[in-house]
Amino acid sequence: MEKIDLTYELSFPWHKHQFGYKWADAAPCSPWGEPYGEMDGGDLEKYKGIIPFALDGPFLVEKSFSIMRFPFEPLADNRLFAWFSDIIPDKESFVRWADEYGRLVDVEGNAQYSYDFILSPYTDESGLNVGLSTTTRRIVERNGLLYQVTKPDPLSFWKQEHRDLSLAVMLWEMALKDDPRLNGILEWHEDPGRAYVYPVPRHRLTEVDFRRIGKDRSYSPSFVLPPRRIEDYRPQRFNAKRAALTYVRQEINKKMRLYPLYIRFDTDENGGIHRVIEPTSLLSAMWHQFFLAQTGEIRLRRCSVCGKWEDMKTHRESWSKHKNCANYQRLKKSRAKKREMLNRDRP
Ligand SMILES: [Zn+2]
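A few points on the structure.

Calculation rules
Residues numbered from 1 in each chain as written. Predicted model: local features only at pLDDT ≥ 70, side-chain atom pairs only at ≥ 80, totals over all residues. Helix = DSSP H or I, 4+ residues; strand = E, 2+ residues; numbered from the N terminus. Buried ≥ 20, exposed ≤ 12 C-beta atoms within 10 Å, placed from the backbone. Contact = placed C-beta atoms within 7 Å. Pairing = 2+ DSSP bridges. Axes fitted to C-alpha atoms, helices over the stretch in contact; angles between N-to-C directions. Core = buried A, V, L, I, M, F, W, Y, C linked by C-beta atoms within 7 Å. Domains from an automatic or database assignment. Left-handed = near helix turned anticlockwise from the far one by under 90°. Nonpolar A, V, L, I, M, F, W, Y, C, P; charged D, E, K, R; others polar.

### Observations regarding the overall build of the chain
Logical step 1: When its secondary structure is counted, the chain shows eight helices and 18 strands.
Logical step 2: Looking at the 347 residues of the chain, the share that counts as buried comes to 25%.
Logical step 3: Sequence separation of at least 24 residues holds for 69% of the intrachain contacts in the chain that already meet a minimum separation of 6.

Set out below in C-alpha cells:
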C-alpha cells in the first residue's frame, strides 16, 4: 500500500491474467451468443441501441482459459502513468502492457465501458477446460464449433485512452521545460479568443515541421488529429505554457469523472480512522497519479541521458541523471577527445 502522507492512503489492488492476453477478432452478439449480424427483424429491433455495431476489432482477450488472477498493487510505483504515456501505441506494446499490468478497465464491472457481449471463435491454447463457462465468459456451441461469449476491449479503446494520456503528459513535460515546440502544437485565435491543441503523437514528434504547424493552414500531417479546444482559457495575452497546463488539468478532470475514485474510511489496529482513496480501474489509478504530479505530491524526473523516469523521493533535488549514465557519457566524451588528439597528431 502506497502511503502518500499521513492523512490518507491510496489503496488499489489490480489483477492480471495468468496466461496473458492476445488480440482476436470477434463479432458483437447477444448475451446468449447469437451474433447480431445473423439476427432477423424482430430480435434485431429488440437489441437496437445497445448494440456496439460501430465497434471494430481486433479485441483484447485472455490468451488461454484460467480462473487464476494475479493481484498486485500498481500504485506501489509512482511512475506507472508516465510509463504508459511513453509506450508506442501498437498492438504488441499494448499486449506487453496488459501482460505486465492487466487491462485498463475491468470490462466486466465498469459501467462507463459497457460494450456488450462479443462472440469470438473459441480456441483454448492450453487445451484444458474446454467448454467451461465462468462468471466472465460463457461457452456456447454453434454449428458444431465452440465459441466464447465475453467482454473484450477493442484496440480502438486502447489507442484512444493511450492517446489522451500520452498527449497530456507530453504537454505537461513541454510546459515545465518551456519547450518552444508548444507554440506549434498550440493554436491561438485572437478573435474570438480561443486556444486549441493539436494532438501530435509523442512517437512522431520528429516528423512534424513545427515552424509550419499552426501557422500554415494547408499543412497538416495525416497523423495529427483535429485540434481540441482548451475550454475556460480566456487570457488577456496568450501564454503557451499556461494554455498547455490548462489543457492538462481540463483533461485530468474529464478523465477522473469518467474513471472515478472512491473514498472510504479505514480503521487501524488502535481504532484510529483514516481516509482511503480507491481508484476504480487502472485508468483511474493512472490519471490520479498524474493529478498528484500536478499538485506536487508525486515528483518525477527523466534522466537527462537515457530519458528513463525516476521517482524523486529516492533522489536529491539536484539529481539529473543516473550514475551509470553519467559514467557512460564521460567515457564517450573522453574517447571522442582522444580520437580528436590522435587525428591532430597525425602529420
Ligand atoms: Zn539514465
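### Remarks on the sheet that holds strand S13 (residues 194-197)
Logical step 1: Here we have three strands laid out as an open sheet, ordered S12-S13-S14, and antiparallel in their pairing. Two strands bound the open sheet, and with one partner strand each, they are strand S12 (186-189) and strand S14 (228-230). Strand-to-strand twist of the sheet, defined as the mean angle between neighbouring strand axes without regard to direction, takes the value 30°.
Logical step 2: Relative to S14, S13 is paired through three bridges, and the arrangement is antiparallel. Among the inter-strand pairings, Ala 195 is bridged to a residue of S14, identified as Ile 230.

### Details of the sheet that holds strand S6 (residues 59-62)
Logical step 1: With antiparallel pairing, three strands are arranged side by side in an open sheet as S4-S6-S11. The strands lining the two open edges of the sheet, one partner per strand, are strand S4 (21-24) and strand S11 (153-154).
Logical step 2: Bridge count between S6 and S11: two bridges; the pairing is antiparallel. The partner of Leu 60 across the bridge, within S11, is Asp 153.
Logical step 3: Against the sheet, helix H3 (residues 91-101) contacts S4 and S6, and its axis sits at roughly 145° relative to S4.

### Concerning the environment of His 189
Logical step 1: Tracing the backbone through its elements, the reader meets His 189 in strand S12.
Logical step 2: Residue classification places His 189 among the exposed positions, given that 10 C-beta atoms sit within 10 Å.
Logical step 3: Along the chain, His 189 and Phe 238 lie 49 residues apart, while their C-alpha atoms are 9.3 Å from each other.

### Considering the environment of Asp 232
Logical step 1: With respect to the helices and strands, the residue Asp 232 is situated in the loop between S14 and helix H6 (240-258).
Logical step 2: Between the C-alpha atoms of Asp 232 and Ala 243, which are 11 residues apart in sequence, the distance is 9.8 Å.

### Digging into the nonpolar core
Logical step 1: Ranked by internal contacts, the top residues of the largest apolar core, which has 47 residues, are Ala 168, Val 169, Leu 171, Ala 243, Ala 244 and Met 286.
Logical step 2: Secondary structure elements with two or more residues in this core: S6, helix H2 (80-86), H3, helix H4 (155-176), S13, H6 and helix H7 (282-295).
Logical step 3: Take this core: its biggest share by element is 10 residues, from H4.
Logical step 4: Two domains each provide a minimum of three residues to this core, namely domain 1 (11-155) and domain 2 (158-291).
Logical step 5: Apart from the residues lying within four places of it in its own chain, the contact partners of Ala 243 are Leu 186, Ala 195, Ile 230, Tyr 233 and Phe 238.

### Brief notes about the packing of H6 against H7
Logical step 1: Following both chains from N to C, one finds H6 and H7 inclined at 145°, their axes separated by 10 Å at the closest point. Crossing hand, H6 versus H7: left-handed. Residue-level contacts link Arg 249, Ile 252, Lys 255 and Met 256 of H6 to Trp 287, His 288, Phe 290, Phe 291 and Gln 294 of H7.
Logical step 2: Residue composition of the contact of H6 with H7, grouped by class: five nonpolar, two polar and two charged.

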